[in-house]
Amino acid sequence: MPYGPRILVEKIECRNHILRNYGQKLMALTKKTSYPCYIRKFIRRNIIRFRTAITKSIQHRKKLNQSLYEQTEGIY
């Protein structure tokens, strides 16, 4: 407990962090030669669309009138 027993530190994932990591993982997939070439090209051409879908999903979940637990439970 680096800030003492009274202060609880809660980790919050931000959208930019998620999108950056997601984009890096997709780019890594496009470089793996174990996947067929047409799949790698499809991913490379549509990375922006995939990121947009994630952004829209995050916006949709934020607008729901639910608790944080209910919002995150619906993602899985």
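Residues numbered from 1 in each chain as written. Predicted model: local features only at pLDDT ≥ 70, side-chain atom pairs only at ≥ 80, totals over all residues. Heavy atoms only, no water.

**Looking at the overall build of the chain**
Moving on, step 1. Of regular secondary structure, the chain possesses four helices and zero strands.
Moving on, step 2. Listing the helices and strands of the chain from first to last along the sequence gives α-α-α-α.
Moving on, step 3. Counting the 76 residues in the chain, one finds 13% classified as buried.
Moving on, step 4. Taking as baseline every contact in the chain between residues at least 6 positions apart, the subset at least 24 positions apart corresponds to 37%. (Helix = DSSP H or I, 4+ residues; strand = E, 2+ residues; numbered from the N terminus. Buried < 20%, exposed > 50% of the residue type's maximum accessible area, 1.4 Å probe, protein only. Contact = heavy atoms within 4.5 Å.)

**With respect to a positive patch on the surface**
Moving on, step 1. A cluster of basic residues, Lys31, Lys41, Arg44 and Arg45, forms a positive patch at the surface.
Moving on, step 2. Top element by residues in the positive patch is helix 2 (residues 37–45). It accounts for three residues.
Moving on, step 3. Tracing the backbone through its elements, the reader meets Arg44 in helix 2. (Patch = residues over 30% accessible without salt bridge, like charges linked within 9 Å, V, L, I, M, F, W, Y side chains within 5 Å. Areas by Shrake-Rupley, 256 points an atom, 1.4 Å probe, with all protein chains shown as cover. Salt bridge = Lys/Arg side-chain N within 4 Å of Asp/Glu carboxyl O. Lys, Arg positive; Asp, Glu negative; His and termini not counted. Charge placed at Lys NZ, Arg CZ, Asp CG, Glu CD.)

**Some remarks on the environment of Gln59**
Moving on, step 1. Within the secondary structure, Gln59 is located in helix 3 (residues 47–63).
Moving on, step 2. In the structure, Gln59 is positioned 44 residues away from Arg15 in sequence and 9.8 Å away in space, judged by C-alpha atoms.

**Focus: helix 1 (residues 15–31)**
Moving on, step 1. An ideal rise of 1.5 Å per residue puts 24 Å on 17 residues; helix 1 measures up with 25 Å between its terminal C-alpha atoms.
Moving on, step 2. The inward-facing, buried residues of helix 1 contact helix 2 and helix 3. (Expected span 1.5 Å × (residues − 1).)

**What about a nonpolar patch on the surface?**
Moving on, step 1. Judged by side-chain polarity, Tyr3, Ile7 and Val9 come together as a nonpolar surface patch covering roughly 340 Å² of accessible area.
Moving on, step 2. Relative to the helices and strands, Tyr3 resides in the segment before helix 1.

**Considering the confidence of the model for the chain**
The predicted structure's coordinates, where accompanied by low pLDDT, should not be read in detail.
Moving on, step 1. Here the chain shows a mean pLDDT of 84. Residues at 70 or above account for 88%.
Moving on, step 2. For the chain, the element scoring lowest by mean pLDDT is helix 4 (residues 68–75), at 71; helix 2 scores highest, at 95. (pLDDT = per-residue confidence, 0-100.)

**Regarding the side chain of Thr30**
Moving on, step 1. Topologically, Thr30 is positioned in helix 1.
Moving on, step 2. Residue contacts for Thr30: discarding those within four places in its chain leaves Arg40, Ile43 and Arg44.

**Overview of the packing of helix 1 against helix 2**
Moving on, step 1. Contact geometry for helix 1 and helix 2: axes closest at 8 Å, N-to-C directions at 150°. On the basis of their axis angle, the class for helix 1 and helix 2 is roughly antiparallel. Classified by chirality, the crossing of helix 2 by helix 1 is left-handed. Listed contacts from helix 2 to Leu26, Leu29 and Thr30 of helix 1 are Arg40, Ile43 and Arg44. (Axes fitted to C-alpha atoms, helices over the stretch in contact; angles between N-to-C directions. Parallel < 35°, antiparallel > 145°, perpendicular 65-115°, else oblique. Left-handed = near helix turned anticlockwise from the far one by under 90°.)

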